[in-house]
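Report on the structure
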Amino acid sequence: MQYLALPFFVSLIITLLILRFQNLHGKYTADHDLTGVQKFHARAVPRIGGVGIMVAMVAMIGWLFVSGNVDAHAFSMLILASSPAFFGGVAEDCTKKVRSLIRLILTMIAAALGFYLLDAGVFRLDIPFIDLVIAFWPVSLLFTMVAVGGVANAINIIDGYNGLASMVSVLILAALGYVGFLVGDTFIWRTSLAMMGAILGFFVWNYPRGLIFLGDGGAYFIGFMLAELSVLLVARNPAVSPWFPLLVIIYPVFETLFSIYRKVILRDIRADVPDGAHLHMLIYRRLVRWAVGSKLPAEKTTRNSMTSPYLWFLCSISVVPAMLFWQHTWILQLSVGVFIVLYITLYRRLVHFNAPRWLLIKKTRQETPDNEQE
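The structure contained in this document is the topic of the report that follows. (Residues numbered from 1 in each chain as written. Predicted model: local features only at pLDDT ≥ 70, side-chain atom pairs only at ≥ 80, totals over all residues. Heavy atoms only, no water.)

1. Some words on the overall build of the protein chain
Under the convention used in this document: Here a strand is any run of E in DSSP of at least two residues, a helix any run of H or I of at least four, and the numbering for each starts at the N terminus. C-alpha atoms define the radius of gyration, and 2.2 Å times the number of residues to the power 0.38 defines the globule rule. Exposure categories follow from relative accessible area, calculated using a 1.4 Å probe and restricted to protein chains: below 20% of the type maximum is buried, above 50% is exposed, and the middle band is partly exposed. Contacts between residues were defined by any pair of non-hydrogen atoms, one from each residue, lying within 4.5 Å.
A count of helical and extended segments in the protein chain gives 15 helices and two strands. Relative to the 2.2 N^0.38 estimate, which gives 21 Å for 374 residues, the radius of gyration of the protein chain is 20 Å and therefore close to what a compact globule would have. Taken along the three principal axes of its C-alpha coordinates, the protein chain extends 60 × 45 × 35 Å. Across the 374 residues in the protein chain, those meeting the buried criterion constitute 55%. Of the contacts formed within the protein chain by residues at least 6 apart in sequence, a portion of 76% connects residues at least 24 apart.

Below, the structure is given as structure tokens:
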């Protein structure tokens, strides 16, 4: 229980201190842009919630060494490896000047450190020809760097509403920890619990009121940890299908891939150009905003938070079968396909204003929804 409780309370307190003294750092750390295409908050909000999560994990390192835990060294190496991804994100949170490509490269460097320090590499995909190729370590290293960087970027992409990325990450960590426990990998399930605790400590202040945001530092750090734990779980446990972590993380990963397709292929723009057409934004505009439609700041925050549970449910549709069939590659592959079809179907229906009626929220105001940009 201490693996969950200690990081939770450290993260809870550190995040509270960040909020308490935001008058001292808000000039640099708060998100003051309230009108951008991907902005859905009504006031300037600190975006360094990842600091509390990282501090909680560092505190966990100290506790593990003091208690003589056998996983202390591996845990510390994992947090050390994550540092380029985390600090690159925090630099963007504070300066707003670190390009997305630089942050991606830093995360890939972090993946290379994990490969060297922990043997965290992708060496099999249960696809015969490809497995022969990635068994060659330079290919495995490159593939691992791209995969880890992609997952970290994916978490950053879905970090658009109060509680969305953080609770999705908790669901993913729960699945990784569960399977780690089943195969007797104490490092995986303990680290998963610690990350869950640290994220939930932040979640208390983020959802539903949106008092603080993860920021790029938090999103890239969490994304890196999700990817590394996925890689380590498969690398250390031959019984676990490599398609298990893919199915667990398929929501943010496919959101990213679909976003690239939508921008580069359909719209002929760069993949890193922000737009307002992500699935979570369509859910906000098509399912939530019409129900709570005034310009009052409090109601803007309300509908922001009302969006996230839709995506938590969507994520659970992939997480649950992954936990049930973590050893069965063909079922996991089929489930990945089913999820992709479900995602595209829902996306198309939202684009064409044809959302399923059971998804619609009962309108809480009689006035016509406003058309303000959010």
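Having seen the structure, we can now continue with the description.
2. Some details on the packing of aromatic side chains
The test is simple: Note on aromatic contacts: the rings of Phe and Tyr and the six-membered ring of Trp form a pair at centre separations within 6.5 Å, being stacked when their planes are under 30 degrees apart, edge-to-face when over 60 apart, and tilted otherwise. Sitting over a ring, as applied to charges here, requires NZ of Lys or CZ of Arg to be within 6 Å of the ring centre and within 35 degrees of the ring normal.
Going through the model one piece at a time under the given rule, you end up with 17 aromatic pairs. A ring pair is formed by F86 and F87, whose centres lie 5.0 Å apart and whose planes are at 70 degrees; its orientation type is edge-to-face. With relative accessibility at 4%, the residue F86 sits in the buried group. Judged by centre distance (5.9 Å) and plane angle (45 degrees), the rings of F115 and F123 are tilted. Judged by its relative accessible area of 36%, F123 is partly exposed. Above the plane of the ring of F21 lies R20, whose end atom (NZ or CZ) is 5.1 Å from the centre. Positioned above the aromatic ring of F353 is the side chain of R286, whose terminal nitrogen or guanidinium carbon lies 3.9 Å from the ring centre.

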